[in-house]
Amino acid sequence: MKPVRHRPKVRRWREETSQGEAWCYQVRCPCGEEFDEHYAKKLAVSDRLRHLMDVAPPLSERCRDPRAHRCRPHDHCPLCAGQATLPGFEDLVTTPTPRCSEEFA
C-alpha cells in the first residue's frame, strides 16, 4: 500500500451570515483529516501548518536535500531515511541545508 502524502489544501467558499456574505475557509488533507471552518484565512493556514508539523517524520527520516530528491521537507524521504551516519560525524545533528537567502539573513 502506498504511503499517504499529506498535501493539505485551504478551500474557500462564500457563506451567508447574519451580517451579509463572507468568505469561509477550511483545510482538508488527502489523509482524511478535516479542520474547523474559519472566517479568517490566517487561522486556516495555521491549521494547515500545524497538521504538517504533526505528521512530519522524525528528523532522521526527513530529506536533507528536498530539491535534489524532489520531495517535501515534511515527507518521508526514501533516499535519506536509510542512510547510516559516516564515521566521525555521529556528533552532528542532521539539519536541512539552508537556501542562499537564508544563509545571508
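First things first, this report covers the structure right here in the doc. Owing to the predicted nature of the structure, the values given are computational and were not obtained by experimental measurement. (Residues numbered from 1 in each chain as written. Predicted model: local features only at pLDDT ≥ 70, side-chain atom pairs only at ≥ 80, totals over all residues. Heavy atoms only, no water.)

### Section: the pattern of salt bridges
Part 1: Inspection of every chain in the model, using the stated rule, returns three salt bridges.
Part 2: Arg14 is paired through a salt bridge with Glu21; the nearest N and O atoms lie 3.3 Å apart.
Part 3: Glu21 gets classed as exposed once you look at its relative accessible area, which sits at 54%.
Part 4: The salt bridge partner of Arg50 is Asp47, with a shortest N-O separation of 3.1 Å. Here Arg50 pairs with Asp47, and both are found in helix α1 (residues 41-55), just three residues apart, close to one helical turn.
Part 5: The exposure class of Arg50 is partly exposed, given its relative accessible area of 42%.
Part 6: Take Asp47: its relative accessible area is 7%, and that puts it in the buried class. (Salt bridge = Lys/Arg side-chain N within 4 Å of Asp/Glu carboxyl O. Buried < 20%, exposed > 50% of the residue type's maximum accessible area, 1.4 Å probe, protein only. Helix = DSSP H or I, 4+ residues; strand = E, 2+ residues; numbered from the N terminus.)

### Re the state of the cysteines
Part 1: Inspection of the entire model under this criterion finds zero disulfides.
Part 2: In this structure Cys29 is a free cysteine whose sulfur lies 3.6 Å from that of Cys31, the closest cysteine sulfur available. (Disulfide = S-S within 2.5 Å.)

### Regarding the pairing of strand β1 (residues 9-17)
A regular strand places its side chains so that they alternate between the two faces of the sheet.
Part 1: Relative to strand β2 (residues 20-28), β1 is paired through nine bridges, and the arrangement is antiparallel. The partner of Arg12 across the bridge, within β2, is Tyr25.
Part 2: The turn joining β1 and β2, which pair antiparallel and follow one another in sequence, is formed by two residues. (Pairing = 2+ DSSP bridges.)

### Describing α1
Part 1: For α1, with 15 residues, the first-to-last C-alpha span of 22 Å sits near the 21 Å given by 1.5 Å per residue.
Part 2: Taken as a whole, α1 has its buried residues at Ala44, Asp47, His51 and Leu52. Looking straight down α1, one finds its buried side chains confined to an arc of 135°; they lie on one side. Of the residues in α1, the exposed ones pointing more than 90 degrees away from the buried face are Lys42 and Met53.
Part 3: Where α1 is buried, its residues touch β1 and β2. (Expected span 1.5 Å × (residues − 1). Arc of directions from axis to C-beta. Contact = heavy atoms within 4.5 Å.)

### As for unusual backbone geometry
Part 1: Positive phi outside glycine occurs at Arg70, with the angle close to 55°.
Part 2: The residue Arg70 is located in the loop between α2 (66-69) and α3 (78-81) in this model.

### Concerning the side chain of His38
Part 1: Tracing the backbone through its elements, the reader meets His38 in the loop between β2 and α1.
Part 2: Taking the relative accessible area as the measure of exposure, His38 reaches 16% and is therefore buried.
Part 3: Of note is the side chain of His38, whose polar atom sits 2.8 Å from the side chain of Asp47.
Part 4: Apart from residues no more than four positions distant in its own chain, His38 is found in contact with Trp23, Cys24, Tyr25, Leu43, Ala44 and Asp47. (Polar contact = N/O pair within 3.5 Å; in protein donor to acceptor, adjacent residues only side chain to side chain.)

### Overview of the packing of aromatic side chains
Between two aromatic rings, the relevant description is the distance of the centres plus the angle of the planes.
Part 1: This structure, assessed with the given rule, holds zero aromatic pairs.
Part 2: Its guanidinium or amino end placed over the ring of Trp23, Arg12 lies 3.8 Å from that ring's centre, counting from NZ or CZ. (Phe/Tyr/Trp six-rings, centres within 6.5 Å; stacked < 30°, edge-to-face > 60°. Lys NZ or Arg CZ within 6 Å of the ring centre and 35° of its normal.)

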